[in-house]
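A look at the structure
In case you want the letters, here they are:
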Amino acid sequence: MRIRLLFILMTICAGGAAGAADLHRITLPPPTVSLKEGAGVYVVRRYCSICHSLDYITTQPKFPKAKWQAEVAKMIKVYGAPIPEESVKVISDYIAAYYGTGS
Amino acid sequence: MHLPGITRRDFLKAVGVTTAMAATGTLPPVLYAGERRLETYPEKADLLLLTARPPQLETPLKYFKELITPNEALFVRWHLANIPTSVDLATWRLVVHGEVENALSLTLDDLKRFEKIEYTAVIQCAGNGRSFFDPPVFGGQWLNGAMGNVTWSGVRLRDVLKRAGIKAGAQEVIFKGLDNPPLPTVPGFAKSLALDKAQEDEIMIAYEMNGRELPLLNGYPVRLVVPGWYATYWVKSLSDMEVAARPFEGFWKKSAYRIPDTACGCVEPGSTPAKTVPITRMTTRSLLINPQDGSRLKAGRPIELMGVAFSGGYGIKEVSVSVNGGQDWRPARLGKDLGRHSWVQWYYPMKPQKAGSYDVRVRAVNSIGESQPLDSLWNPAGYLWNKIERNTLIVV
């Protein structure tokens, strides 16, 4: 709170207070994407939002399940996503069903 | 964009896929799983939201009616969610280290004491147009708005490297910015240029876009500018330059941002290339901007079509337009020439007499004869999109 107030003051007095002109700050709007309810959605929310927002999933074209399986495998292999083996199928099934071509 | 008393929610405009498409031009072959909408990020205008963390925002085509893309409208593309949201110039430094005689740690003021240079150059994401790929590919589903034409000012990378004194045997310069991986297992974003390339006259460390400081989301306080090459090299919020004795092997060069090692950078749609190389120079492109694809026109009323054309650093020699699906091509008039890295605006008068649907195509040729393919080229990562676009104008 105190820091925030200080920042507002600094912004208002830009140029006045020493150092204020040196600070450039922005606040990002929060991610607003929400996944459709369905079997497995909790697992997807839990693991697929660790590194990026879930719109990484919802803005993709509609892919078949096999493609999503490979994509989840890429997250694990290439980026080290901490996803247990047994969750891979749940995740791919969910995404293919709600954001892919189904099968 | 920071209007007192107005919350971000007031800016939120929920538009469905079709509206967003209409706002940006061409219909992609597949529909997205989710919807797109315009959203306002700090220091930016309403842009099409691809992803929120990290932010990826696309410029609606209407902004390309102008020769210069406003800072607020330029697209945003970060890779890793830990992006810088504050920079304090009192502590910020650009460091140069590695195979150099004198390691440097420069403040922004130090940097501004080098000779200032300025030019206009197109910046374009390697994946611009990816959403038109058929079969579709994973990655940011950009329409054609991951590009812009900006006047950059800053200092020559070469001058800064010279001050540091490059040691004999050095091979590359590795560039890193203030963004960080969300987990330690994710490779940090870094790119490199071979020393020869890095020392070309025009490679710039830019501290101004269109005469103003960079928006944080576009790389404040300084970003690398590699005119003619895709934006993946234009490292944002540049903070670290390492002169290295051997070629850089980082993930974002070795595994990502690669194209098939074929003459067209393409392979049979859906197939896997035998060998890949890093993507570098932009292909030649031209687009119809106004009236937009799908617009309705009045029969008998004259209208001037306009758009933009650019190429990877060789300037545009000619733009031709066909209003009958590629049967006849006629030269378009070219607008002001801001140099070989800028885009050029083209104009073409049209007076459609008969009602009906007109298939309008545009084709550019650059000064070394490079042009655009009739059919789409395909590669697995969705790069180099530059086919001759098919636009429909409906005359009533």
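For the structure, check the block above.
Keep in mind that this is a model prediction, so the values were computed, not measured. (Residues numbered from 1 in each chain as written. Chains lettered and ligands numbered in written order. Predicted model: local features only at pLDDT ≥ 70, side-chain atom pairs only at ≥ 80, totals over all residues. Heavy atoms only, no water.)

Bringing the overall build of chain B into the picture now. Each helix and strand in chain B was counted, giving six helices and 25 strands. Here the C-alpha atoms of chain B give a radius of gyration of 21 Å, agreeing with the 21 Å that 2.2 N^0.38 yields for 396 residues. Each principal axis of the C-alpha distribution contributes one length, and for chain B these read about 70 × 55 × 40 Å. Across the 396 residues that make up chain B, the buried fraction comes to 58%. In chain B, of all internal contacts separated by at least 6 residues, the share reaching a separation of at least 24 is 70%. For chain B, the exposed surface amounts to about 15800 Å²; the carbon and sulfur share of it is 50%. If the 47 positive side-chain charges of chain B are averaged to one point and the 39 negative ones to another, these points end up 4 Å apart. (Helix = DSSP H or I, 4+ residues; strand = E, 2+ residues; numbered from the N terminus. Rg over C-alpha atoms; globule rule 2.2 N^0.38 Å. Buried < 20%, exposed > 50% of the residue type's maximum accessible area, 1.4 Å probe, protein only. Contact = heavy atoms within 4.5 Å. Areas by Shrake-Rupley, 256 points an atom, 1.4 Å probe, with all protein chains shown as cover. Lys, Arg positive; Asp, Glu negative; His and termini not counted. Charge placed at Lys NZ, Arg CZ, Asp CG, Glu CD.)

In this section: the interface of chain A and chain B. Contacts between chain A and chain B engage 31 residues on the former and 48 residues on the latter. For the pair chain A and chain B, the summed buried area comes to about 3300 Å², and 63% of that belongs to carbon and sulfur atoms. It is H24(A), I26(A) and L28(A) in chain A that bury the most area against chain B; as a group they hold 22% of the surface buried on that side. Put simply, chain A and chain B have zero salt bridges between them. Summed over the shared surface of chain A and chain B, the number is 13 residue pairs in polar contact (both at pLDDT 80 or more). At five residues, the largest contribution of residues to the side of chain A that touches chain B is made by helix 4 (residues 65-79) of chain A. Split into classes, the residues belonging to the side of chain A that touches chain B amount to 16 nonpolar, nine polar and six charged. Here three bridges tie strand 1 (residues 23-25) of chain A to strand 5 (residues 86-88) of chain B, and the two strands are oriented antiparallel to one another. Along strand 5 of chain B, the bridge assignment pairs H24(A) with V87(B). (Buried area = accessible area lost by both parts, 1.4 Å probe. Salt bridge = Lys/Arg side-chain N within 4 Å of Asp/Glu carboxyl O. Polar contact = N/O pair within 3.5 Å; in protein donor to acceptor, adjacent residues only side chain to side chain. Nonpolar A, V, L, I, M, F, W, Y, C, P; charged D, E, K, R; others polar. Pairing = 2+ DSSP bridges.)

On to the nonpolar core. Among the nonpolar cores identified, the biggest contains 116 residues, and L111(B), W152(B), V160(B), I205(B) and M241(B) are the most heavily contacted of them. Both domains that furnish three or more residues to this core are identified here as domain 1 (30-256) and domain 2 (285-395) of chain B. (Core = buried A, V, L, I, M, F, W, Y, C linked by side-chain atoms within 4.5 Å. Domains from an automatic or database assignment.)

On to the pairing of strand 6 (residues 94-98) of chain B, then. Residues and elements named next belong to chain B. Judged from the three bridges that link them, strand 6 and strand 7 (residues 104-106) form a sheet pairing that is antiparallel. Across the sheet, residue V95 finds its bridge partner in strand 7, namely S105. Hairpin connection from strand 6 to strand 7: five residues lie between these consecutive antiparallel strands. Alignment of strand 6 against strand 14 (residues 238-244), held across four bridges, turns out to be parallel. Bridge pairing in strand 14 links V96 to M241.

This part covers the pattern of salt bridges. All names here are of chain B. Tallied over the entire structure, the rule returns 21 salt bridges over all chains. In this structure, R340 and E202 form a salt bridge, with 2.6 Å as the shortest nitrogen-oxygen distance. Within this pair, whereas R340 is found in the loop between strand 22 (333-334) and strand 23 (344-350), its partner E202 is found in the loop between helix 5 (195-198) and strand 12 (204-209), the two being separated by 138 residues in sequence. Accessibility expressed as a relative area gives 41% for R340, which makes it partly exposed. By relative accessible area, which is 24% here, E202 ends up partly exposed. With a shortest N-O distance of 3.9 Å, D375 and R390 are connected by a salt bridge. Here the residue D375 occupies a position in the loop between strand 24 (356-366) and strand 25 (390-395), and R390 occupies one in strand 25, the gap between them amounting to 15 residues.

What follows deals with the sheet that holds strand 3 (residues 56-58) of chain B. Residue and element names in this part refer to chain B. Read across the sheet, four strands follow the order 1-2-3-4 without closing on themselves; strand pairing throughout is antiparallel. The open sheet has two edge strands, strand 1 (38-40) and strand 4 (76-77), and neither has a second partner. For strand 3 and strand 4, the ladder comprises two bridges, and the chain directions are antiparallel. Across the sheet, L57 pairs through a bridge with V76, a residue of strand 4.

With that settled, consider the state of the cysteines. Tallying each qualifying case throughout the model produces one disulfide over all chains. In this model C264(B) forms its disulfide with C266(B); the gap between the sulfur atoms is 1.9 Å. Every disulfide takes its handedness from the sign of the S-S torsion; for C264(B) and C266(B) that torsion is -90°, giving left-handed. For C266(B), a relative accessible area of 14% corresponds to the buried category. Left without a disulfide partner, C48(A) is nearest to the cysteine sulfur of C51(A), which lies 9.6 Å away. (Disulfide = S-S within 2.5 Å.)

A few words now on the side chain of D55(A). Assignment of secondary structure puts D55(A) in helix 3 (residues 55-58). It turns out D55(A) is buried and unbridged, and the closest side chain with the opposite charge, R37(B), is 6.2 Å from it. A polar contact of 2.4 Å, which involves the side chain of D55(A), links it to the side chain of S53(A). Polar side-chain contacts of D55(A) include one of 3.0 Å to the backbone nitrogen of A52(B).

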